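Residue strings, one per chain:
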Amino acid sequence: MFIDNKYIENLLAESKLSTDQDIKKILDKAEGLQGLTHEEVAALLTTGKKQHIDRIYQIAGKIKKNIYGNRVVVFAPLYVSDYCVNKCKYCGYKCDQDFQRKRLTMDEVREEVAILEKMGHKRLALEAGEDPVNCDIDYILDCIETIYDMKLDNGEIRRVNVNIAATTVEEFRKLKNANIGTYILFQETYHRETYEEVHPVGPKHNYQYHLDAFDRAMEAGIDDVGGGVLFGLYKPEFEVLGLMLHNEHLEREYGAGFHTISVPRLKAASGSDLSEYKHLVDDETFKKMVAIIRLAVPYTGMIISTREDEKMRRDLIKTGISQVSAGSAVDVGGYSTREHSNSQFEVTDSRSAMDILSWLVEDGLVPSFCTACYRQGRTGDRFMDLAKTGNIKNVCLPNALMTLTEYMMDFANDEFTKNAEELIRKQLPDIENEKVRKLVEKNIEKIKAGERDLYI
Ligand code: SAM
């Protein structure tokens, strides 16, 4: 049992006694890109001193720049079914909400995917409520197959990450065989009593089953798993320590921790009033949590969704976030109808994908549609080995520049193309390995001449 409420609460209390010298030592270690233990994270979580907090942000920015450069991976969610047997108090899909539920037919999936492909998306996060009758694993597998098969002009989805309820080893094996990217599941809260209170009914009520989901996924051969908590349900410091302990458990047992960590913050949803929650996380605390996670697990991707506004997304990209969603609809069939009939939560950044991509490029950031790693077998510990030996620069940046060129050729307007070309020109010298740089320059010309899906 790797999560123990008492242990976490005690550690947080004891950590308040950390001296300036202790904190300095921890920050020096973080600056060397060595990651942190959960005990060290606890010390950072409990420091209130401005000098330490300033240095946390400064190091987070440095780590972000060193490991991820200017790249930001872009994706979109695809909601396929809002049938749900759970009663998660905060969620617009909970079973006692009275609305016309919907599950997409395969034709409707194709319709949604066509729109996403026209936006330039290459990676999706497939989302569904939990309902073993109306949305069983075979339906999810059909969706995945339909998505991968749907190719429109030069559009195609090359990586489907899956965010569905915790399931059995047997069903995880089926997902693995369907070639999913990351299996994503948010613990929502690591605090057992709170977890049980906000998930009063349905299979999700079982804290332990939910907590052990990644062990079952790993047993089934899925070695890229993405964790997260829903900030606002319980104390944020407790949740970050929960994430760290979970990550250490996965590293210890399977040789690789989380591939990604998501940091959703609680939003209003129909049937859920935010005033009921006493642990809502303010902007400053939220930024601090993200920066500390960045210090603790420098090689783990960090994801922010359209739950946050433009300004917060910009700030967080500087201090840790490496993946953003763009142009998102969070209703079933929402891309085709653009109606917000019954969303899972309220979207804050409602700009179009094109607007978000232009915003990134104008800020000197490289939107990346790269999906190479899992297709090259670089998952789990193999990805971590690549990252930790500093080779990310010679792989991720090239793939980002090549996929940005594809986007530019296939979907962008003249102004975007002009800015993106300039950005690519400036970024090319950052590819340290000369051979790789030359290959990328050649490949960019090939893409401009019509070839697609070139990656290393
Ligand atoms: N049904 C699956 C499950 O139980 O894990 C998939 C989850 S759902 C499609 C994706 C995530 O949205 C949830 O795990 C939850 O963290 C988040 N979510 C739900 N309601 C939310 C709200 N009101 N505000 C912010 N995020 C919310």
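So, here's what we can say about the structure. (Residues numbered from 1 in each chain as written. Predicted model: local features only at pLDDT ≥ 70, side-chain atom pairs only at ≥ 80, totals over all residues.)

1. As for unusual backbone geometry
Here is the rule: Starting at the N terminus, helices and strands are each numbered in turn, a helix being any DSSP run of H or I of at least four residues and a strand any DSSP run of E of at least two. Partly exposed residues are those falling between the two cut-offs: more than 12 but fewer than 20 other C-beta atoms within 10 Å of their own, whereas 20 or more means buried and 12 or fewer means exposed, with C-beta atoms placed from the backbone.
For Asn 179, which is not glycine, the phi dihedral falls at a positive 65 degrees. You can see Asn 179 is positioned in the loop between helix H7 (169–177) and strand S6 (183–184). Non-glycine residue Glu 188 carries a positive phi angle of around 70 degrees. Tracing the chain through its elements places Glu 188 in the loop between S6 and helix H8 (192–198). What makes Glu 188 buried here is the crowd of 26 C-beta atoms within 10 Å.

2. Comments concerning the pairing of strand S2 (residues 123–128)
Consecutive residues of a regular strand have side chains that alternate between opposite faces of the sheet. In plain terms, the rule: We treat two strands as partners when DSSP finds at least two bridges between them. Handedness of a crossover is defined as follows: with both strands directed away from the viewer, a clockwise route from the first strand across the helix to the second makes it right-handed.
With six of six residues buried, S2 lies mostly within the body of the structure. Side-chain alternation along S2 places Arg 123, Ala 125 and Glu 127 on one buried face and Leu 124, Leu 126 and Ala 128 on a second face that is also buried. Across five bridges, the pairing between strand S1 (residues 71–81) and S2 is parallel. By the bridge assignment for S2, Leu 78 is matched with Leu 126. Between the parallel pair S1 and S2, the chain is carried across by helix H5 (residues 106–118), and the sense of this crossover is right-handed.

3. Concerning helix H4 (residues 50–68)
Because an α-helix completes one turn every 3.6 residues, residues spaced three or four positions apart along the sequence face the same direction. Basically, it comes down to this: By this rule, a helix spans an expected 1.5 Å times one less than how many residues it contains.
For H4, built from 19 residues, the straight-helix expectation of 27 Å at 1.5 Å per residue is met to within 8% by its first-to-last C-alpha distance of 26 Å. Buried residues of H4: Arg 55, Ile 56, Tyr 57, Ile 59, Ala 60, Ile 63, Lys 64 and Tyr 68, and no others. After H4 finishes, the residue Gly 69 shows a positive phi value of roughly 55 degrees.

4. Things to note about the environment of Leu 36
What counts, and what does not: Once C-beta atoms are placed from the backbone, any two residues with those atoms within 7 Å are in contact.
Within the fold, Leu 36 resides in the loop between helix H2 (20–31) and helix H3 (38–46). Overall, Leu 36 belongs to the buried group, with 21 C-beta atoms counted inside 10 Å. Sequence separation of Leu 36 and Ile 26 is ten residues, and the distance between their C-alpha atoms is 7.6 Å. Setting aside residues up to four positions removed in sequence, Leu 36 forms contacts with Ile 26, Lys 29, Ala 30, Val 41, Leu 295 and Ala 296.

5. Brief notes about the pairing of strand S9 (residues 301–304)
Burial of S9 is two-sided: the residues Gly 301 and Ile 303 facing one way and the residues Met 302 and Ile 304 facing the other way are all buried. Alignment of strand S8 (residues 260–262) against S9, held across three bridges, turns out to be parallel. Paired with Thr 260 across the strands is Gly 301, a residue of S9. Bridge analysis of S9 against strand S10 (residues 323–325) gives two bridges, and the strand direction is parallel. Within S10, the residue paired with Ile 303 across the bridge is Gln 323. Between S9 and its parallel partner S10, the chain crosses via helix H13 (residues 310–319), and the hand of that crossover is right-handed.

6. Thoughts on the packing of H3 against helix H12 (residues 283–296)
Quick note on the threshold: The angle between two axes is taken between their N-to-C directions and runs from 0 to 180 degrees, where each axis is a line fitted to C-alpha atoms and a helix contributes only its stretch in contact. In what follows, roughly perpendicular refers to angles from 65 to 115 degrees, roughly parallel to angles under 35, roughly antiparallel to angles over 145, and oblique to any angle outside these ranges. Each helix crossing is assigned a hand: it is left-handed if the near helix lies turned anticlockwise from the far helix by less than a right angle, otherwise right-handed if that turn is clockwise. Amino acids outside the nonpolar list (Ala, Val, Leu, Ile, Met, Phe, Trp, Tyr, Cys, Pro) and the charged list (Asp, Glu, Lys, Arg) are all regarded as polar, and Gly is one of them.
Put simply, H3 and H12 touch, their axes get as near as 10 Å, and they point 155 degrees apart. As far as their axial angle goes, H12 and H3 are roughly antiparallel. Every pair of crossing elements has a handedness; the one defined by H3 and H12 is right-handed. The segment H3 lies against H12, with Val 41, Leu 44 and Leu 45 engaging Ile 292, Leu 295 and Ala 296. A class-by-class count of the residues in the contact of H3 with H12 yields six nonpolar, no polar and no charged.

7. Brief notes about the nonpolar core
Buried together is how nonpolar side chains tend to be arranged in soluble globular proteins. Worth spelling out the cut-off: Only buried residues count toward a nonpolar core: Ala, Val, Leu, Ile, Met, Phe, Trp, Tyr and Cys, linked into one set through C-beta atoms within 7 Å.
Core analysis: the biggest nonpolar cluster contains 140 residues, and Val 41, Leu 124, Leu 126, Ile 292, Ile 293 and Leu 295 have the highest contact counts within it. It is helix H18 (residues 392–411) that contributes the most residues to this core, ten residues altogether. Not counting chain neighbours up to four residues away, the residues in contact with Leu 124 comprise Phe 75, Ala 76, Leu 78, Leu 116, Ile 147, Ile 157, Val 160 and Asn 161.

8. Considering H13
Every buried residue belonging to H13 is among Arg 313, Leu 316, Ile 317 and Thr 319, and all of these are buried. Downstream of H13 by one or two residues, Gly 320 has phi in the positive range, about 160 degrees.

9. As for the packing of H18 against helix H20 (residues 434–448)
The packing of two helices is summarised by the inter-axis angle and the distance between the axes. Two elements in contact, H18 and H20, have axes separated by 9 Å at closest approach and are oriented at 15 degrees. Considering their axes alone, H18 and H20 lie roughly parallel with respect to each other. The element H18 and its partner H20 pack so that their crossing is right-handed. Mapping the contact onto sequence places Asn 394, Pro 398, Leu 401, Met 402, Thr 405, Glu 406 and Met 409 in H18 and Val 436, Val 440, Asn 443, Ile 444, Ile 447 and Lys 448 in H20. For the contact of H18 with H20, a count of residues per class yields eight nonpolar, three polar and two charged.

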